[in-house]
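Working through the structure, step by step
Below, each chain spelled out in residue letters.
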Amino acid sequence: MSKVTLSLVCFFLSTLFINFSYADVGTAAQYGPPFIPTTCFGGDASKFPSSNMFGAAGEGIWDNGAACGRKYKVRCLSAVVPKACIPGQNIQITIVDRAQSSISRPSSERATMVLSTTTFQAIANASVSLINIEYQE
Ligand SMILES: *[C@@H]1O[C@H](CO)[C@@H](O)[C@H](O)[C@H]1NC(C)=O
């Protein structure tokens, strides 16, 4: 390999690394209706995103309430159940509640975030209660 080729390869590898380093790895559970925000937007459900892609923040990303309205790109990585992820699905979600106090309870406690059933189904098999995710604000 020539020096030029080698430095190009190094350049692309470092770009790849930088891109991935923006994303965090965590877990996502799911929750069904009713979706009544207890902690965000003063309880006003009309502030929910029209895309219907939303979720509740786990304590790790709740950020003392600053998480309300934050948008995350989310991708399913894996789950205990094989083939639970729908391949190639990237979604953008908006945080509308705090998982710890949501009226409808999550399928699993301690998840990084809890996605509405519709949102969850866009990236994973609905019968799974917890998936590993990559997420990025
Ligand atoms: C979801 O998982 C269940 C249980 O493992 C399975 O029966 C079903 O076929 C899966 N659905 C899809 C769409 O893969």
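Everything numeric in this text was worked out from a predicted model, so none of it was measured.

**Things to note about the environment of Trp62**
Within the element layout of this structure, Trp62 appears in helix H2 (residues 59-62). Judged by relative accessible area, which is 7%, Trp62 ranks as buried.

**Observations concerning unusual backbone geometry**
For the bond from Pro33 to Pro34, the omega torsion is 5 degrees, close enough to zero to count as cis. Structurally, the position occupied by Pro34 is in the loop between strand E1 (24-31) and strand E2 (54-57). With phi around 55 degrees, Asn64 is a residue other than glycine that occupies positive phi space. Counting through the fold element by element, Asn64 comes out in the loop between H2 and strand E3 (71-78). By relative accessible area, which is 76% here, Asn64 ends up exposed. You will see that Lys83, though not glycine, has its phi angle at about 60 degrees, which is positive. Positionally, Lys83 belongs in the loop between E3 and strand E4 (90-98). Here Lys83 falls in the exposed class, since its relative accessible area comes to 83%.

The rules behind the values
- Each chain has its residues counted from 1, running along the sequence as written.
- Residues qualify for local features only when their pLDDT is at least 70, as the model is predicted, and side-chain atom pairs are given and counted only at 80 or more; totals for whole chains, interfaces and linings, by contrast, use all residues.
- Working from all heavy atoms in the structure, the side-chain values ignore hydrogens and water.
- Each helix is a run of DSSP H or I of at least 4 residues and each strand a run of E of at least 2, with the numbering of both proceeding from the N terminus.
- Residue burial is assigned from relative accessible area. The probe radius is 1.4 Å, only protein chains are included, and a residue is buried under 20% of its type maximum, exposed over 50%, and partly exposed in between.

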